[in-house]
Amino acid sequence: MARDQHISSAERLLSYSDAVFSIITTIMIVPLGGETVEEIKSTEDLLEGVKSIWFKILVYATTFVIVASTWSTHTSLFGYIEKVNESIILLNLGVLMASTFLPFSFLMFAEHPTEPLAVVLFCASIVIAGTLMAGIAWQAYSRPNLLNEDEARYGEIKSKRCRTMLMVLGKPVLALVAAGIGWIRIEAAWALLVMVLLEPLLRQVIISLYYFGKGDGDTGCKVLLPSRLLVETTDTLRTRVYSDGVYAIIATLIILDICVENVPSQEDDIAKHGDLITALKHDQHVFMSYAGTFITICMLWYLHHSIFYRIFAENPLLAFFNKLALMFAGLLPIVFKITGEFGKEVSAGDAAIAVQLNAGTVLFSSIWHLVMWIIVMKNKSKLLHRRFDDDDEDKYMNTFMIIRLCVYPTISLLLFLLCFVPTWKFDSEVINWVQISTPGVFIIIKIVRNCVQRREDKKRPSEKEEEDPEMSYLPANKYNSKASNRVHENDITAV
């Protein structure tokens, strides 16, 4: 058929969408960083300045969660869709356009939280994106040849379409109600926006009530069981792509302020300091802060990569903590700027506070990696690659993985607490040198691990087991077939 000539794989569309979502997630901090630091500088006291911007940081965190949640809904939706046509491609571009408007509406909301128009603009982006995703779901389920094999084969298409529409339309409905109420009472609109963050939980309650209404109380209870957060698993491919994009953009954002503010000008800086070298040396603490922050972001990505390299699937709980890790990592550009501006003001006490802000952000950016690995260890059979669980050559992998994941939380917590010691004078130079030298700790851990592994290799018998020729056709990892498909264990969410 002529219509089938316009059907293609969804792979490239998903890669493009993940890239756009990762950019949206991170660029929100750019305008906030400039305005916030200027606002803090005007207070002439770092602690009071940080207290004055708490609402903006809260709105940033809320918007981050909404964007990440929109991406999660997009991921879940395209978990059922294998191919796309022109209609789905155009609808998806509309979803991305509405989502890219969120940074502007976020800043409007942060600057004018009591203005109904600001709330309406914020909600409108959510409503439009969700409505267009509902259009994608309707288009896909109207043409089952676009769905993946499992979704198209098993069960009634109508019931699956209802389940998917409920998943997609939850946030838009709440945002639409919030936009309407915002013209009457702004505080009620704020409360509904909080409900948008809790929409997945509300959706499960509705599904549970649906089953209770049908007289199926057992299934209704199972829907609300917390164990579902561990049982249900999905492929990690899009999570890895999205997370890589976020870390990559964060690592490059921190150079923007240096390009704008720290390039010596011929008229002012050279004339003031005499020559180019002296002018650059005047801002050396900024360049040191850049180096330390960049290395920290790269090492956080390295730890994230180490975790996801060893797992073939993720559960909802793991995905939640991954978003927390990305959200706090997204604050590092503004923390870098604060450290550069206030990190040398020792006499005013701002330097220690700047160090604490830096250390605290790194602490919360890294500790969720440790939590994620604990979740993986508690669910080895469902998440961890078998070669990292049973193979003797990786006998000590889990222990050394825990040690690596504890490096940044331990160092950051220690720096944070030492700032309270009156006899210790901390400024940005201390934390910059600590961050620059931290990769050396990981090198030492690697060397120790290799030595331990070599010692164990010597103890192991040199004879290798003969391979059974009848089994040689099997893949090396029996989980490979699972890595590319959605895992439908205990799928009790179908309506």
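Residues numbered from 1 in each chain as written. Predicted model: local features only at pLDDT ≥ 70, side-chain atom pairs only at ≥ 80, totals over all residues. Heavy atoms only, no water.

Glancing now at the overall build of the chain. Secondary structure assignment for the chain yields 24 helices and four strands. In the chain, which comprises 495 residues, the share counted as buried stands at 46%. A total of about 24800 Å² of accessible surface is found on the chain, and carbon and sulfur atoms cover 63% of it. (Helix = DSSP H or I, 4+ residues; strand = E, 2+ residues; numbered from the N terminus. Buried < 20%, exposed > 50% of the residue type's maximum accessible area, 1.4 Å probe, protein only. Areas by Shrake-Rupley, 256 points an atom, 1.4 Å probe, with all protein chains shown as cover.)

Let us look at the confidence of the model for the chain. A residue-level look at the chain finds 81% of positions with pLDDT of 70 or above and a mean pLDDT of 80. The spread of mean pLDDT over the elements of the chain runs between helix α24 (residues 480-483), the lowest at 38, and helix α5 (residues 86-100), the highest at 93. Within the model, pLDDT remains below 50 along residues 463-495, and this stretch shows 46 contacts once partners closer than five positions in the same chain are excluded. (pLDDT = per-residue confidence, 0-100. Contact = heavy atoms within 4.5 Å.)

Okay, the environment of A189 next. Considering the arrangement of structural elements, one finds A189 in helix α10 (residues 186-197). Distance in space between the C-alpha atoms of A189 and A178 is 4.5 Å, their sequence separation being eleven residues. Each residue touching A189, except ones within four places of it in the same chain, is listed here: V119, A178, I181 and G182.

Here we come to the environment of G79. Within the secondary structure layout, G79 lies in the loop between α4 (54-78) and β2 (83-84). Separated by 69 residues in the primary sequence, G79 and N148 place their C-alpha atoms 8.1 Å from one another.

Next up on the list: helix α9 (residues 157-182). Three or four residues apart is the spacing at which side chains of an α-helix point the same way, because the helix has 3.6 residues per turn. With 26 residues, α9 ought to run about 38 Å at 1.5 Å a step, and its terminal C-alpha atoms sit 37 Å apart, in line with that. Along α9, the largest kink reaches about 45° and is centred on L169; proline P172 follows within four residues of it. (Expected span 1.5 Å × (residues − 1). Bend = angle between axes of the 7 residues up to and from the residue.)

As a further point, take the side chain of R238. Within the secondary structure, R238 sits in helix α14 (residues 237-261). Setting aside chain neighbours within four positions, we find R238 in contact with L14, S17, D18, W71, H74, T75 and F78.

Attention now goes to the packing of α4 against helix α18 (residues 316-329). One way to put it is that α4 packs onto α18 with a least axis distance of 11 Å and a crossing angle of 135°. Regarding the angle of α4 to α18, the classification is oblique. Taken as a pair, α4 and α18 cross one another with a handedness that is right-handed. Every residue of α18 that contacts α4 at Y60, A61, F64, V65, A68, S69 and S72 is listed here: K323, L326 and M327. Tallied by class, residues from the contact of α4 with α18 come to seven nonpolar, two polar and one charged. (Axes fitted to C-alpha atoms, helices over the stretch in contact; angles between N-to-C directions. Parallel < 35°, antiparallel > 145°, perpendicular 65-115°, else oblique. Left-handed = near helix turned anticlockwise from the far one by under 90°. Nonpolar A, V, L, I, M, F, W, Y, C, P; charged D, E, K, R; others polar.)

Next up on the list: the packing of aromatic side chains. Counted according to the given criterion, the structure contains twelve aromatic pairs. Measuring from ring centre to ring centre gives 5.7 Å for F416 and F420, while their planes differ by 70°; the resulting arrangement is edge-to-face. F416 gets classed as partly exposed once you look at its relative accessible area, which sits at 28%. In this structure F420 comes out as exposed when scored by relative accessible area, which is 55%. Every member of this aromatic cluster is reached through a ring pair, and the members are Y60, F64 and F106. Here R161 stacks its cationic end above the ring of W138, 4.2 Å away from the centre of that ring. Here the guanidinium or amino end of R163 rests over the ring plane of Y80, the centre of that ring lying 4.2 Å away. (Phe/Tyr/Trp six-rings, centres within 6.5 Å; stacked < 30°, edge-to-face > 60°. Lys NZ or Arg CZ within 6 Å of the ring centre and 35° of its normal.)

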